[in-house]
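A structural walkthrough
Read off the chains here:
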There are 2 protein chains.
Amino acid sequence: MATTFDYALSTEGTRLERSVLRELLHYAVDPEIISLAGGLPAGECLPLQGLRECLDTVLTRDGFRALQYSPQHPPLRARIAELMEARGVSCTPEQVFITNGNQQGLAILSRLFLDPGDPAVIEEVTFTGIQQVTVGRGAEVRTVPTDLDLGVDVDAVEAAFRREPRPRLLVLVTDFHNPLGVSIAAESRERLARLAAEHRVPLVEDDPYGSLRFTGDPLPPVKAYDDEGMVFYLGSFSKMLAPALRLGWMVAPVELMPRITTLRESLDLESTTLYQRAVAEFLGQGRVEGHLAALRTTHGARCDAMLEALGEHLSGVARWSRPEGGMFVWVELPADLDATELFQAAIAKKVAYVPGGFFSVHGGKRNTMRLNFSNVDPEAIREGVARLAGVVREALAPHPVPPHPPGGNSR
Amino acid sequence: MATTFDYALSTEGTRLERSVLRELLHYAVDPEIISLAGGLPAGECLPLQGLRECLDTVLTRDGFRALQYSPQHPPLRARIAELMEARGVSCTPEQVFITNGNQQGLAILSRLFLDPGDPAVIEEVTFTGIQQVTVGRGAEVRTVPTDLDLGVDVDAVEAAFRREPRPRLLVLVTDFHNPLGVSIAAESRERLARLAAEHRVPLVEDDPYGSLRFTGDPLPPVKAYDDEGMVFYLGSFSKMLAPALRLGWMVAPVELMPRITTLRESLDLESTTLYQRAVAEFLGQGRVEGHLAALRTTHGARCDAMLEALGEHLSGVARWSRPEGGMFVWVELPADLDATELFQAAIAKKVAYVPGGFFSVHGGKRNTMRLNFSNVDPEAIREGVARLAGVVREALAPHPVPPHPPGGNSR
């Protein structure tokens, strides 16, 4: 991707690449394509009316103040502290820092703790945004495997912590991992918090999906076991309420807040006070539980549809994760298939997915796919998986011997 | 500001300081204090009703789509390109990149072009946000002086460009400089664009106030003279419409957009589609000119009130800039006065300002103050300047000889 500006770019600027993933997803805009490639919550469940009413309430009540610059909105910090308490995390409003979604939390914490070249521990297969703030910033990345049933391999984390030089950061996705769909096992959570404290490695717990559980028992986040302030929890309203709010939060020690505030100011000053006030209103009116219940029901039914369709069409051919929440199922195809190569064939059959290789830090996992169920209706999910299975089975079929070429024209 | 986490911080994390400015401004919340310390547009001029109607229109028309993830909103990019054309900048929608305000533009461009240790040229007195993304990131900063009538000293810029190693970035505020209130002279603009092209130094033109001119003839931005794509223009809706929108834009070469997009995604993914759509609607309905006319009238009257009050109370004692737009007047007190030391006396007299030293890259300019006129009504401005003059005159008065201490008790 050479440009006439290459001579002017920084080391980081040079390392930036165009997003092949973003370009692939452009194929998915054809309305005939069933896209299992997205990462959006169920559109029709978004609390359109509720947020609209809360925006109205705030604009009427607060007037011009809702449109000015404004620091972190204290009532929202208080409501978020309540949400955290409900999840088993002891938390004061002063420990809550409002961000523009979890990606901004990742950007802030990676800059607070990581210099280029510093060792960081991340999962071998993980959300691209986590790769951007570690690999992309020039960290020396140590990867740990993640089991499709048990989540991150904590023995591997401990081994990575014991290697010198000591890692400066560990980043994990807690619940309903993107892209794997798995959650960290109950018995691993306390141990992870203890390891972070013992080895003094800041643990960034990225948990955008934690409130999207549709089956199974809720588990406390790793942060619930953190006695030493070494776990930095990132939560988000993007999936819980609406992506367009661009609001999330960080739970961090009060003594780091001045630095976190200054760092965030250098990035984009602050989050919009109008949305902060509207979300505080939404939470204060007790609207969130009803909304989440509807969202969970819808997502759960869609996940069921996907797991059933996978069972029907790809049993014995592929294996996949069985999420209890979130938005994604991870599918492993036979080792000799390449999901990036199959992508064009899938598009031809009018179905899209994300090739799993994009989530692989070291570029492997080419036989995998991430499938989204949250923003596709069950019928389309069944049809989409059927089409996908057709593509896979065709790729697995022994290649037919090409017919004998027609003889030359004898004339 | 030692914390128990110091051992874990990155180089940048260690360099971060708590904001003494932010703490000073906490004093200004007392409702009896007349604060000339702010940086907000006139509150009562914010287009509350217009934005509310546009938000309603979008939520009704676009429904759930207005609450989902969404890329840069094409109609908003097109409207912004029209705004740029109206200011004399030839610009296509594809050259417009929507940001969360100019600070995010600064954060992106400084990371795209600057490595720690690289030389960067900034004004000796400049907006703290520009210092954060250059000095704060460890750049080797070369400062250039800015004249209160003519703006940045272009000879000094050229001299800084000629020094080896070649600077990697120049950042200037175009119109109604924060904190100086001055604009870059007409005759300097074309020369700056030419120097950037000739020396191949990316010039970041930070122009949040350009549309807030209340007197004098509008000048084209430096970008209007840029034939080589070396000028990166940053514009903002924060002052033009409302700070809480957190929306601004960058004009940059199309060939850099993939890198800019990837870098921005690593920071916070994207800007909220609801506000993007609402602002596109606001601009499309032709509401902006009427709004700006009202804003300019109000700001102009307030600036007049401030300049008159300064003339009345501080003639012969201080000198100050005479802005033709924007929000700030810069005041230079006699050289032996320290505006930071006077701050507590001013608070005692119920008036606040920002000591100019905070805007000085090398820590000088302690005899200066930044005064805001945009969000204070004229009567309060007159009273505030009178109080401030009282503080200054008291500090200048020869210190009274302390009375002879009372004799000891003879008993």
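The model shown is predicted, which means the values in this text are computed figures rather than measured ones.

**Re the overall build of chain A**
For chain A, the count of helices and strands is 13 helices and 15 strands. A globule of 411 residues ought to have a C-alpha radius of gyration of about 22 Å, and chain A, at 23 Å, matches this closely. Based on the C-alpha atoms only, the size of chain A along its principal axes is roughly 85 × 55 × 50 Å. A buried classification covers 53% of the 411 residues belonging to chain A.

**A closer look at helix α3 (residues 48-62) of chain B**
The end-to-end C-alpha separation of α3(B) is 21 Å, in line with the 21 Å expected for 15 residues at 1.5 Å each. Taken as a whole, α3(B) has its buried residues at Leu51(B), Cys54(B), Leu55(B), Val58(B) and Leu59(B). The buried residues of α3(B) occupy one face: seen down the axis, they fall within an arc of 130°. Exposed residues lying more than 90 degrees from the buried face of α3(B) are Gln49(B), Thr60(B) and Arg61(B). Residues of α3(B) that are buried sit in contact with α3 (48-62) of chain A together with α11 (273-284) of chain B. In the segment just after α3(B), Gly63(B) is the residue with positive phi, at about 55°.

**Details of the interface of chain B and chain A**
Facing the 67 residues of chain B at the interface are 67 residues of chain A. Elements with a contribution of two residues or more to the side of chain B that touches chain A: α1 (11-15), α3, α5 (101-113), α6 (128-134), α10 (257-268) and α11 of chain B. Ranked by residues supplied to the side of chain B that touches chain A, first place goes to α10(B) with 8 residues. Split by residue class, the side of chain B that touches chain A holds 33 nonpolar, 20 polar and 14 charged.

**Quick word on α11(B)**
All names here are of chain B. Taking 1.5 Å as the rise per residue, α11 with 12 residues should run 16 Å; its terminal C-alpha atoms sit 16 Å apart, in good agreement. Across the 12 residues that make up α11, a large majority, 11, are buried. Turning to α11, its buried residues are Thr273, Leu274, Tyr275, Gln276, Arg277, Ala278, Val279, Ala280, Glu281, Phe282 and Leu283. Of the residues flanking the end of α11, it is Gly286, one or two places downstream, whose phi is positive at about 70°.

**A few points about the domain arrangement of chain A**
By a widespread convention, an interface's size corresponds to the accessible area lost as its parts come together. Residue and element names in this part refer to chain A. Domain annotation for chain A reports domain 1 (9-46 + 290-395) and domain 2 (48-287). Relative placement of domain 1 and domain 2: their C-alpha centres are 24 Å apart. Taken together, the contacts link 32 residues of domain 1 with 36 residues of domain 2. Those elements giving two or more residues to the side of domain 1 that touches domain 2 turn out to be α1 (11-15), α11 (288-314) and β12 (328-332). Top contributing element to the side of domain 1 that touches domain 2 by residue count: α11, with 8 residues.

**Side note on the relation of the copies chain B and chain A**
Relating the two copies of this chain is a rotation about some axis coupled with a shift parallel to it. Superposing chain B onto chain A takes a rotation of 180° plus a shift of 0.0 Å along the axis, which leaves an RMSD of 0.0 Å. Taken together, the rotation angle and the small translation identify this as a two-fold axis. If distances are taken from each C-alpha of chain B to the rotation axis, the shortest is found for Leu267(B), at 4.0 Å.

**Some remarks on the packing of helix α4 (residues 74-86) of chain B against α11(B)**
All names here are of chain B. It is at 8 Å that the axes of α4 and α11 come closest, and there the two elements cross at 45°. In terms of orientation, α4 and α11 fall into the oblique class. As for the relative orientation of α4 and α11, their crossing is left-handed in sense. On the side of α4, the interface is formed by Pro75, Leu76 and Arg79, while α11 contributes Gln276, Val279, Ala280, Leu283 and Gly284.

**Notes on the sheet that holds strand β14 (residues 354-355) of chain A**
Residue and element names in this part refer to chain A. The strand order β11-β12-β15-β14 describes an open sheet built from 4 strands, whose pairing is antiparallel. Taken across any chain shown, the strands that pair with only one partner, and hence form the sheet edges, are β11 (319-320) and β14. With 5 bridges joining them, β12 and strand β15 (residues 368-372) adopt antiparallel strand pairing. From the neighbouring strand, Phe328 faces β15, where its bridge partner is Asn372.

**Thoughts on the environment of Gly311(A)**
Relative to the helices and strands, Gly311(A) is located in helix α11. As a C-alpha pair, Gly311(A) and Val385(A) span 74 residues in sequence and 10.0 Å in three-dimensional space.

**Considering the pairing of strand β8 (residues 203-206) of chain B**
All names here are of chain B. Going residue by residue along β8, you find Leu203 and Glu205 tucked away on one face and Val204 and Asp206 tucked away on the opposite face as well. Sheet analysis places strand β7 (residues 169-173) next to β8, joined by 4 bridges and oriented parallel. Following the sheet pairing, Val171 is matched in β8 by Val204. Read from β7 through helix α8 (residues 186-199) to β8, the crossover connection turns out right-handed. With 4 bridges connecting them, β8 and strand β9 (residues 231-236) associate as parallel partners. Across the sheet, the residue bridging to Leu203 is Val231, located in β9.

**Quick notes on the environment of Gly151(A)**
Residues and elements named next belong to chain A. Within the element layout of this structure, Gly151 appears in strand β6 (residues 151-152). On a C-alpha basis, the gap between Gly151 and Leu180 in space is 8.8 Å, while along the polypeptide they are 29 residues apart. Among all residues touching Gly151, those that are not within four sequence positions of it are Thr146, Val182, Ser183, Ile184, Ala185 and Ser188.

Reading the values: rules and limits
- Residues numbered from 1 in each chain as written.
- Chains lettered and ligands numbered in written order.
- Predicted model: local features only at pLDDT ≥ 70, side-chain atom pairs only at ≥ 80, totals over all residues.
- Helix = DSSP H or I, 4+ residues; strand = E, 2+ residues; numbered from the N terminus.
- Rg over C-alpha atoms; globule rule 2.2 N^0.38 Å.
- Buried ≥ 20, exposed ≤ 12 C-beta atoms within 10 Å, placed from the backbone.
- Expected span 1.5 Å × (residues − 1).
- Arc of directions from axis to C-beta.
- Contact = placed C-beta atoms within 7 Å.
- Nonpolar A, V, L, I, M, F, W, Y, C, P; charged D, E, K, R; others polar.
- Domains from an automatic or database assignment.
- Least-squares fit on C-alpha atoms with pLDDT ≥ 70 in both.
- Axes fitted to C-alpha atoms, helices over the stretch in contact; angles between N-to-C directions.
- Parallel < 35°, antiparallel > 145°, perpendicular 65-115°, else oblique.
- Left-handed = near helix turned anticlockwise from the far one by under 90°.
- Pairing = 2+ DSSP bridges.
- Right-handed = clockwise from strand over helix to strand, strands pointing away.

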